[in-house]
Amino acid sequence: MFPAQITYRRAGSVAEAVQLLSDNEGAKLLAGGHSLLPLMKLRLAAPATLVDIGRIEALKGVSASDGGITIGALTTHAEIAGSDLVQQHASVLAEAAALVGDPAVRNRGTIGGSVSHADPASDQPTVLTALGATFNVTGPGGDRSIAAADFATGLLENALEENEVLTSISVPSVPSGAGAAYVKFSHPASRYAVVGAAAILTVSGGTCSSASVVVGGVEATPARASSVEAALAGSDLSDSALDAAAAAVAGDLNGDPMSDVFASAEYRRAMASVYVRRALGAAASRAG
Amino acid sequence: MTTRIFGSGIRRREDPRLITGRASYTDDIKLPGMLHAAILRSPYAHANITSIDASGAASQPGVVAVYTGADTDGVLNGMPCAWLIPGSDLKTPAHPAIAKDKVRYVGDAVAVVVAETRYQAEDALEHIAVDYEPLGVVVSPKAAAQDGAPQLHEDVPNNIAFTWAVAGGDADAAFADAAVTVSDTITLQRLIANPMEPRSALAQWNAPMGELTLWNTSQNPHIARFLTCVVTGVPEHKIRVIAPEVGGGFGSKIPYYPDEAITSFCAMKLGVPVKWTETRSENYQITTQGRDHIEEVEMAATSDGVITGLRTTVYAGMGGYLSTASPGIPTILHGLMYSGPYNIPNISGTIYGVFNNGCPVDAYRGAGRPEATNLLERLVDLVAAAVGQDPAEVRRKNLIPKFENGHDVATGITYDSGDYEAALDSALSAAGYESLRAEQAQARADGRCVGVGVSSYVEICGLGPSQVAGAVGFQGGLWESAIVRFHPTGKVHVMIGSSPHGQGEETTFAQIIASEVGVDVDDVDVIHGDTDNTPMGWGTYGSRTTAVSGAAVAVAVRKIKDKSRALAAHLLEAAPEDIEYEDGRFFVRGSPDQHKTIQDIALMANVAWNMPEGMEPGLEASAFYDPPNFTYPFGAHVAVVEVDPETGRIDLQRYVAVDDCGPQINPMIVEGQVHGGIVQGVGPALWEGAVYDDDGQLVTGSMLDYALPRADLLPELEVHSNTTPSPHHPLGVKGIGEAGTIASTPTVYNAVMDALRPLGVTRVDMPLTPEKVWRAINDARNGG
Amino acid sequence: MTIPVEITINGKACAGEVEPRQLLVHFIRENAGLTGTKVGCDTSQCGTCTVQLDGVSAKACTVLTVQASGSSVTTIEGLSDGVDLHPLQEAFWNNHGLQCGFCTPGMIMAANELLSRNPSPSREEIRHGLEGNICRCTGYQNIVSAVEDAAKSMGGR
């Protein structure tokens, strides 16, 4: 409840933030603070310097862009949950945003902070991976993009260099006619996902033309369910087809599964199949 | 109007300060020059301390002092245990406020830093170097009692602090003759009380006067004063303990803790006020927990489901040390309730109190009685299953028939009054039990796992006759006192020794006064929590405040009424026996116009211009009320759940409660107590449990892992009541603070087992987390 | 090292020099002296520290004071003058929506935002809207009733 001493710098621009990160070794970015401050309060994290980017207006808000939407890194979960643009282009992201934490957390927590924290139990990384989003990053050498699937590199580890700033996330529109869903098994205390499953099913002529299925909470990073996707492709999305496809997720979870006192690795794996099935059912019902 | 105030659900008189943020809890108090303490805690569950070097901390910014256990030598006495149960070979090993040589649980205090700010004090803790030599750790209370287990205290073989037995009838014979026996091994897990307000202590030492003032999050400031005296050596009359606003306790604010002693010690050493407030993570490590039972239990019955016997062997975890009341909880408050609401002629129980490497265990809402009710209700359901009868019907045939003035049970205690079958009938009817069973049959046919759980309970509360307290080793009395003081304008102060902290007695006690002598409720203020301006009392716990303290208020105000009648007679020039009373007026029989109001009387008594010969001035009365017996509230609850067999997740769909706590002074407050109690009992059934790993580390160390009930996880509770007065209480009231918690854990558990029985699942350890339920279903399917 | 901050709390400018690590809840309680806002946990779960920060509810234990510099904060003390009560305060009182009172300020502040977003919530929606606030006394039922009642008196339906 009493963080260790820090040096605090408020950045007025992305360029200034990059400069401050470069000038202060071990500095951490502070956005909404809802991933970092809880760790600092327990002194599980004690960065020497915090670079507060929370007031950089350019990093806030949702805008339409070519083929989809761009979401500023500082956009809060509440804003995403309530955004008409998100609703039009990628409603599944709003569905997930509304399930993050609790109302006060959603008011302050940002999508950029959440994905950068790279907690596999977070909701948005799972959904963004399923959506095939792109993370836009600015560093000393300029801008670059990282695919959502490549952004989390391990438990609480991401692909950002020490002096890079995640500025926005580009989300392609979910094709019209496609159905998407995110279903979550919330931990009763932490409200993080014990298992979260995102599914996007594109349907044409009664069969599934493509599927994107990602599971969070089970492995150290969001896990793409390639076997499930393969089983769905060309299927009629009947109940039995969805059953069979969901069962295939076991073959996609080969990494080191998460395990804790509430849910063992074995249970999480089993629940991955159950929640993938539920996500598929919800997505299929919304398709077409 | 005023005569009807008893029984009226008026809104609470304490609320305005609470809803506006103007109430002062201990941590809200700031004194001039106040310093802040932070306590270094052992990261090991069991270790020898080989060295402590605190010098690094002393030079940190803002640090005023650093103390270790050595500094308290000869200054602080050990922490006392205050419930010395007789006939149990009880061991009370030393419990220093600050550990010196050895630590026995994660969180044991090792050193304290006092600094200008709390942040600085926390910083400095990191500069205290402690060398530990880790020792073997034992967490399970049963494992701790076995030969070869790590020994926590040198003089306590097998860690057994006490062995206590209860017996009535001939249990062994009953089992030998039984047509049906059922058994189970029940783990009633450790629970963390989680009052929303963390504990806090603020100590101020007035050296010239030798006076210590302690603001403290206490449910019983008078006990805290007494124990502060024992530990610090400051004479009792020089200690003032103030429990200001207290944000819940649920038993965890009964004990006198090392932290209070340490804070007082620091203030006395430094001569300035020192405040310590626990963080929530600290609370999870050090603030006494509840339950921690491993119970090997069995029940004997006839082939028709008539219960003939109960046998138990219970290993009750005590944690690293005995807390203030620990030994009394799994014994007096548990074993004596083994008959429950049933006729069980033959009972035998053995309870081992066992030291283990965890936070000390003490009273937690219900304290001993939830453990008793839980095991009884689970066994009754097993009997019902064994004889193939409806669990509600098996209960009905075993319930003690209605009685109005005393019923003896095999454990040797005497229940006051009860109508258990009426409560069961009310609950079944309110729940629509028959249609629930029909719906359940349909649901099962549809492949859904729906379950209905029923429980009956009786509890012992209104603690209690002081003579009994002495006989069972409680190192104090259990009476309560009240002073009722009428001011000249007819306004009233009531000073009580108990210390409500959310239960609403500022309102209900005003209602008692108002209904007895006809003043307006708003003309009565109830003062509590400060040992300097309240009479002696033993505190608020055990559903005893209304039952005992409320009786003291009633007795005191009736003395006021008697004096008022005499004074009215004098003023009206009539004989006292000709004076009648109604709605705040004393009048000559047959001449209601000739009257004196209670306000007239209060004014005259206070100015004393015209008093009868020999009558003292003033209108004030005090009463010391020592109850002749405990009170025994009871009830029956019904829960409906649906289990998702794919995930093991449980949806609590309905909860119906019928409680009988006698006449209700304020039904709105009673209902609130029932709501909160039910939810605190649902918690351990479904979500709550403190988990220590094999190294004695608390795995559920924060609110991120310890799952407390939240609004969105609960159904609308359907709460009803019956009214069976206590025969021995001046108002007939019994107490309601713990009833919901006692009943709801087994009700929900039984509902879940009822849902799972067709799948072959007969037991699952609590809490019934999804994974455990899912595993049980899978194991049963796989023939396990 | 301290940093100057200025935060408008309940309409009043509160300036101070604070360590950058200081949590906003400590600024509110210690520097501004407004102790209605409580600290009930250290992991951002319990919601007793809920305030309105620039118009939306926030857990003041999960914001640094320096982050909030330049912002405006409303605490329970700013909801009413303490005599003429806010409809939520009145409703919590009338419905016995509190026992020990420790969660109450945060609960009322969270409910305030809930009603600003959804003036006519169902009981189910109220339960979800309060998922970030823990009460250990009431079992929540009367809190839900209080919020429902306040919604009615505030014109929601």
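Residues numbered from 1 in each chain as written. Chains lettered and ligands numbered in written order. Predicted model: local features only at pLDDT ≥ 70, side-chain atom pairs only at ≥ 80, totals over all residues.

**Describing the overall build of chain A**
Where we set the bar: Runs of E in the DSSP output that reach at least two residues are strands. Runs of H or I that reach at least four are helices, and both are numbered from the N terminus. Each radius of gyration is computed over the set of C-alpha atoms, and the globule rule expresses the reference value as 2.2 Å times the number of residues to the power 0.38. We call a residue exposed when 12 or fewer other C-beta atoms sit within 10 Å of its C-beta, buried when the count reaches 20 or more, and partly exposed for counts in between; the C-beta positions come from the backbone.
Along the backbone of chain A there are 11 helices and 14 strands. Its C-alpha atoms give chain A a radius of gyration of 19 Å, within 12% of the compact-globule value 19 Å for 288 residues. Reported as C-alpha extents along the three principal axes, the dimensions of chain A are approximately 60 × 45 × 35 Å. Looking at chain A as a whole, 60% of its 288 residues are labelled buried.

**Observations concerning the interface of chain A and chain B**
Note the cut-off: The contact criterion used here is simple: two residues whose C-beta atoms, placed from the backbone, lie within 7 Å are in contact. Each residue gets one of three labels, nonpolar for Ala, Val, Leu, Ile, Met, Phe, Trp, Tyr, Cys and Pro, charged for Asp, Glu, Lys and Arg, and polar for the others, Gly among them.
Of the residues lining the interface, 14 residues belong to chain A; the matching set on chain B comes to 22 residues. Classifying every residue of the side of chain A that touches chain B gives 12 nonpolar, two polar and no charged.

**As for unusual backbone geometry**
Note that the residue after Leu463 of chain B, namely Gly464 of chain B, is joined by a cis bond; omega there is -20°. Note that Gly464 of chain B resides in the loop between β18 (449-458) and α13 (466-471). Residue Met766 of chain B is joined to Pro767 of chain B through a cis peptide bond whose omega torsion reads -5°. With respect to the helices and strands, Pro767 of chain B occurs in the loop between α18 (739-756) and α19 (770-781). Although it is not a glycine, Arg191 of chain A sits at a positive phi angle of roughly 70°. Secondary-structure assignment places Arg191 of chain A in the loop between β11 (179-186) and β12 (193-204). Arg191 of chain A sits in the buried class, given 20 other C-beta atoms within 10 Å. Non-glycine residue Ala608 of chain B carries a positive phi angle of around 60°. You can see Ala608 of chain B is positioned in the loop between α16 (598-607) and β25 (619-625).

**Thoughts on the confidence of the model for chain C**
Stated formally: A residue's pLDDT is the confidence the predictor assigns to it, expressed on a 0 to 100 scale.
Taken residue by residue, chain C gives an average pLDDT of 97. The fraction at 70 or more is 99%. Listed scores for the predicted complex are pTM 0.97 and ipTM 0.98.

**Things to note about the interface of chain B and chain C**
Listed as interface residues are 43 residues of chain B and, on the opposing side, 44 residues of chain C. No other element matches helix α17 (residues 667-686) of chain B, which puts seven residues into the side of chain B that touches chain C.

**With respect to the nonpolar core**
Let me state the cut-off plainly: As used here, a nonpolar core is made of buried Ala, Val, Leu, Ile, Met, Phe, Trp, Tyr and Cys residues. They are joined through C-beta atoms within 7 Å.
Counting residues in each nonpolar core, the largest one holds 420 residues, and the members touching the most others are Ala199, Leu201, Val276 and Ala279 of chain A together with Val113, Ile513 and Val553 of chain B. Look past the residues within four positions of Leu201 of chain A in its chain and what remains in contact with it is Ala178, Gly179, Cys208, Ala211, Leu232, Leu237, Ala283, Ala284 and Ala287 of chain A.

**Here's the deal with the domain arrangement of chain C**
Residue and element names in this part refer to chain C. As a reminder of what qualifies: An automatic or database domain assignment is the source of the domain bounds shown.
In terms of domains, chain C is made up of domain 1 (3-77) and domain 2 (87-153). Listed by partner, the interface residues are 15 residues for domain 1 and 12 residues for domain 2. Of all the secondary structure elements, the ones that give two or more residues to the side of domain 1 that touches domain 2 are β3 (50-53) and β4 (56-59). In terms of residue count, the dominant contributor to the side of domain 1 that touches domain 2 is β3 (three residues). For the side of domain 1 that touches domain 2, the residue count by class is five nonpolar, nine polar and one charged.

**Quick word on the domain arrangement of chain A**
All names here are of chain A. What the domain assignment reports for chain A is domain 1 (7-52), domain 2 (58-172) and domain 3 (179-286). Between the C-alpha centres of domain 1 and domain 2 the distance comes to 18 Å. Contacts between domain 1 and domain 2 engage 11 residues on the former and 19 residues on the latter. If you tally residues by element for the side of domain 1 that touches domain 2, the top one is helix α1 (residues 14-23), at five residues.

**Quick word on α17 of chain B**
Put simply, the rule reads: A helix is expected to reach a length of 1.5 Å times the quantity of its residues less one.
Across its 20 residues, α17 of chain B extends 28 Å between first and last C-alpha, which sits within 8% of the 28 Å expected from 1.5 Å per residue. Taking burial as the measure, the 20 residues of α17 of chain B include 18 buried ones, the bulk of the element.

**Observations regarding the pairing of strand β20 (residues 492-496) of chain B**
Residues and elements named next belong to chain B. Which entries qualify depends on this criterion: A pair of strands is labelled paired if DSSP reports no fewer than 2 bridges between them. The path from the first strand over the helix to the second decides the hand: if it runs clockwise while the strands point away from the viewer, the crossover is right-handed.
In terms of residue burial, β20 counts as a mostly covered element, since four of its five residues are buried. One ladder, built from five bridges, connects strand β19 (residues 480-486) with β20; its direction is antiparallel. Looking at β20, one finds that Arg485 is bridged to His493. Once β19 ends, the chain turns through five residues before running back antiparallel as β20, passing Gly490 with a positive phi of about 90°. The pairing of β20 with strand β21 (residues 524-527) spans four bridges and is parallel. The partner of Met495 across the bridge, within β21, is Ile527. Taken together, β20, helix α14 (residues 505-517) and β21 constitute a β-α-β crossover, and its handedness is right-handed.

**Considering the environment of Pro709 of chain B**
Counting through the fold element by element, Pro709 of chain B comes out in the loop between α17 and β28 (717-722). According to the C-beta neighbour criterion, Pro709 of chain B is buried, with 26 such atoms within 10 Å.

**Re the sheet that holds strand β9 (residues 200-206) of chain B**
Residue and element names in this part refer to chain B. Rules: Helix axes are fitted only over the stretch in contact, all axes being lines through C-alpha atoms; the angle between N-to-C directions runs from 0 to 180 degrees.
Pairing is mixed in the open sheet, where seven strands are placed in the order β3-β5-β1-β12-β9-β10-β11. Either end of the sheet is taken by a strand with one partner, and the two such strands are β3 (63-68) and β11 (239-242). Adjacent strand axes in the sheet meet at a mean angle of 20°, parallel and antiparallel pairs treated alike. Pairing analysis gives five bridges linking β3 to strand β5 (residues 109-115), with the strands arranged antiparallel. Opposite Val63, over in β5, you have Ala115 as the bridge partner. Packed on one face of the sheet, helix α6 (residues 221-232) meets β10 (211-216) and β11 and runs near 140° to β11. Strands in contact with helix α7 (residues 258-270) are β1 (35-41), β3, β5, β9, β10 and β12 (274-277); relative to β9, the strand with the most contacts, it is inclined by about 30°.

**A short note on the packing of α17 of chain B against α18 of chain B**
To describe two helices that pack against each other, one gives the angle between their axes and the distance between the axes. All names here are of chain B. Filter applied, for reference: Convention used here: angles under 35 degrees read as roughly parallel, angles over 145 as roughly antiparallel, angles from 65 to 115 as roughly perpendicular, and any remaining angle as oblique. By the definition used in this description, the sense in which the near helix is turned from the far one sets the handedness, with an anticlockwise turn below a right angle giving left-handed and a clockwise turn giving right-handed.
Interhelical geometry of α17 versus α18 gives an angle of 40° and a closest axis separation of 7 Å. The angle between α17 and α18 places the two elements in the oblique class. Considering how the two elements wind past one another, α17 and α18 form a crossing that is right-handed. Of the residues in α18, those in contact with Val674, Gly676, Gly677, Ile678, Gln680, Gly681, Val682, Pro684, Ala685 and Leu686 of α17 are Ala739, Gly740, Thr741, Ile742, Ala743, Ser744, Thr745, Val748 and Tyr749.

**Considerations on the sheet that holds strand β22 (residues 579-582) of chain B**
Residues and elements named next belong to chain B. Strand order in the open sheet formed by three strands is β22-β23-β24, with antiparallel pairing between adjacent strands. Of all strands in the sheet, those bounded by a partner on one side alone are β22 and β24 (591-597). Mean inter-strand twist for the sheet, computed between neighbouring axes without regard to direction, equals 40°. As paired strands, strand β23 (residues 585-588) and β24 are joined by four bridges and run antiparallel to one another. Counted as the bridge partner of Phe587 is His595 from β24. Against the sheet, helix α15 (residues 545-572) makes contact with β22, β23 and β24, and its axis sits at roughly 125° relative to β22, the strand it touches most.

**Observations concerning helix α4 (residues 84-97) of chain A**
The periodicity of an α-helix, 3.6 residues per turn, causes residues three or four places apart in sequence to face the same way. Under the 1.5 Å per step criterion, the end-to-end length of α4 of chain A is only 13 Å for 14 residues, more than 12% shorter than the ideal 20 Å. Buried within α4 of chain A we find Val86, His89, Ala90, Val92, Leu93, Ala94, Glu95, Ala96 and Ala97 of chain A.

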